[in-house]
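Chain by chain, the residues:
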Amino acid sequence: MHKHTLRDRQWQVPGQEDSYTWLRMDGSMVQHDGVDNQETEDRRWVLHGGSDIARFSDGHDGSIRVGLMAQYGTSSGNSEDEVSRSSHSVKGYSAGSYSTWLGHHDPQTGPYIVIPG
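Just so you know, these numbers come straight off a predicted model, no measurement behind them. Every residue gets a number counted from 1 within its own chain, in the order that chain's sequence is written. Side-chain atom pairs in this predicted model are given and counted only at pLDDT of 80 or more, local residue features only at pLDDT of at least 70, and totals for whole chains, interfaces and linings cover all residues. Side-chain metrics rest on all non-hydrogen atoms present in the structure, leaving aside hydrogens and water.

The helix and strand inventory of the protein stands at 0 helices and 5 strands. Going along the chain from the N terminus, every DSSP run of H or I of four or more residues is numbered as a helix, and every run of E of two or more is numbered as a strand. When the helices and strands of the protein are listed from N to C terminus, the series reads β-β-β-β-β. For the protein, buried positions account for 26% of its 117 residues. Should any heavy atoms of two residues lie within 4.5 Å, those residues are considered in contact. Once local pairs closer than 6 in sequence are excluded, the contacts in the protein between residues at least 24 apart make up 55%. With residues, only the protein chains shown are counted as cover, and all accessible areas are computed by Shrake-Rupley using a 1.4 Å probe. Surface accessibility of the protein: about 7,700 Å² in total, with carbon and sulfur atoms responsible for 55%. Each residue gets one of three labels from its accessible area relative to the maximum for its type: buried under 20%, exposed over 50%, partly exposed in between, using a 1.4 Å probe on protein chains only.

Here is the structure:
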């Protein structure tokens, strides 16, 4: 449910510098009908946000960024047929830091390394 990639926190308007603060929200609801009248339903969503707290030049064409982030997510669902029923519910949260080296002045191109903390 929880993940963290550079692309999850990147958003940039062409011709403008990318944002320091970011927010990502993702979710889904899936329903299946199976054999012997089995019905399955699953719902999940996650809210993930953070902000760069410092940015430095690497002395060349790239930059180094350090930031803080937090996530909260939940997943629940059930499955039932004519004989049995089961359900699940999971909630989770996380907080942490990250640092990123971008090897090019445009964060949408070039090499990068992300180090979650």
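Position of Thr-74 among the secondary structure elements: in strand β3 (residues 63-80). Residue classification places Thr-74 among the buried positions, given a relative accessible area of 12%. Here a polar contact is taken to be a pair of N or O atoms separated by no more than 3.5 Å, where protein atoms must pair a possible hydrogen donor with a possible acceptor and residues adjacent in sequence count only if both atoms sit in side chains. From its side chain, Thr-74 meets the backbone oxygen of Val-90 in a polar contact 3.2 Å long.

This paragraph deals with the pairing of strand β1 (residues 21-33). Strand pairing requires that DSSP identify at least two bridges connecting the strands. Here 13 bridges tie β1 to strand β2 (residues 39-57), and the two strands are oriented antiparallel to one another. Residue Ser-28 lies in a different strand from β2, and its bridge partner there is Arg-44. Linkage of β1 to β2, two consecutive antiparallel strands, is achieved through a turn of 5 residues, within which Asp-36 is found at a positive phi near 55 degrees.

On the surface, a cluster of nonpolar side chains totalling about 720 Å² of accessible area is made up of Leu-23, Met-25, Trp-45, Leu-47, Tyr-72 and Tyr-93. The set of elements that each furnish at least two residues to the nonpolar patch consists of β1 and β2. Tracing the chain through its elements places Leu-47 in strand β2. Residue classification places Leu-47 among the partly exposed positions, given a relative accessible area of 34%. Only residues whose relative accessible area exceeds 30% and that form no salt bridge are eligible for patches; like-charged ones are grouped when within 9 Å, while nonpolar side chains (Val, Leu, Ile, Met, Phe, Trp, Tyr) are grouped when within 5 Å. When a carboxyl oxygen of Asp or Glu lies within 4 Å of a side-chain nitrogen of Lys or Arg, that pair is called a salt bridge.

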